[in-house]
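Next come the chains, spelled out residue by residue.
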Amino acid sequence: MNYSIAIPSYKRAERINKATLKLIVDNNLQDKKIYVFLNTQEDVDEYKAVARDDLEIEYVIHGQTGIMATRNYMTKFFDEGTRVLYLDDDFTGIQMGEPEGRRTKKVFNLGELADQGFSLCQLRGLGKWGLNPSQNCRSLKKVEPTFDLRYIGGCYGEIVNHQVENTVSYAEDFERTIQYYILYGGVVRFNNYSVMTRNYAKGGLQAFGRNLENEKADKEAIANKYPAYAKTYTRTEGSGRTDIRLYKKPKL
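So, here is what we can say about the structure in this document. (Residues numbered from 1 in each chain as written. Predicted model: local features only at pLDDT ≥ 70, side-chain atom pairs only at ≥ 80, totals over all residues. Heavy atoms only, no water.)

Topic: empty space enclosed by the protein
No. 1: Here the structure, examined in full by the defined rule, presents two cavities of 30 Å³ or more.
No. 2: Empty space within the largest cavity amounts to approximately 40 Å³.
No. 3: Taken together, A13, I16, N17, L21, V36, Y47, A51, R52, I57 and Y59 make up the lining of the largest cavity.
No. 4: Listing elements by their share of the lining of the largest cavity, those giving two or more residues are α1 (13-18) and β3 (57-61).
No. 5: Of the residues forming the lining of the largest cavity, the biggest block, three residues, is contributed by α1.
No. 6: Taken together, the residues of the lining of the largest cavity sort by class into eight nonpolar, one polar and one charged. (1 Å grid on protein atoms, 1.4 Å probe; cavity = no way out; pocket = protein on both sides within 12 Å on 5 of 7 lines; lining within 4 Å. Points joined across faces, edges and corners; volume = space filled by probe spheres on them. Helix = DSSP H or I, 4+ residues; strand = E, 2+ residues; numbered from the N terminus. Nonpolar A, V, L, I, M, F, W, Y, C, P; charged D, E, K, R; others polar.)

Structure follows, in structure tokens:
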């Protein structure tokens, strides 16, 4: 299957080599066109200075600030209808859950998942596929892919549609999932696969002004904009932060 790989990155020249770019090699995706989106020429020079020598990468200067503007730039960068696999810059692997929900194991089949995801999109007339965002083994039990409204973030494939545009920074993946669902009537999610990542790694596009207040405001904005598709709730554990729950069957 022909598709490109797009990675937004910020101040992670070393990290991206050890994480996402290594994941690409480990999953035998070296033959894909790889784009890394950076803010400035200075960033490009920094990344090139420590670049891996086993991958050919095109560095794109977008000049944007924050993940919302960067996502919008990336959408417009590619031609309408282009198949793109989007990866964050701190992924360390792909894991698969077992039906019993007791454990997960690291796998190296991202290429097969991408081929299947884009094929299912083509077969069903959909525009987006992705993996389960949870890393909890109990959440990775469901083997069959689903096509209703379920959150997709971080690692996903899209058939580029220029109508999709982010309006918030800290819930942008929720917004993109909802928009693709509205446009196509479904999204493909592989529920027993998720990405492994290093949480809170230094750098990253989410670092621009992020705090609990801004995150809460953005999530509430999504729930208010799409009340038939999402609602906010307060987590009872940890910091009690605000999160979004999508309606698998929208309340239309």
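What follows picks up the thread again.
Remarks on the pattern of salt bridges
No. 1: Inspection of the entire model under this criterion finds 17 salt bridges.
No. 2: In this structure, E58 and K33 form a salt bridge, with 3.2 Å as the shortest nitrogen-oxygen distance. A residue pair is termed long-range when its members are at least 10 positions apart, and E58 in strand β3 and K33 in strand β2 (residues 33-38) qualify at 25 residues.
No. 3: Since its relative accessible area comes to 31%, E58 is described here as partly exposed.
No. 4: Note on K33: relative accessible area 39%, which makes it partly exposed.
No. 5: Put simply, R241 and E215 hold a salt bridge, and the shortest N to O gap is 2.7 Å. (Salt bridge = Lys/Arg side-chain N within 4 Å of Asp/Glu carboxyl O. Buried < 20%, exposed > 50% of the residue type's maximum accessible area, 1.4 Å probe, protein only.)

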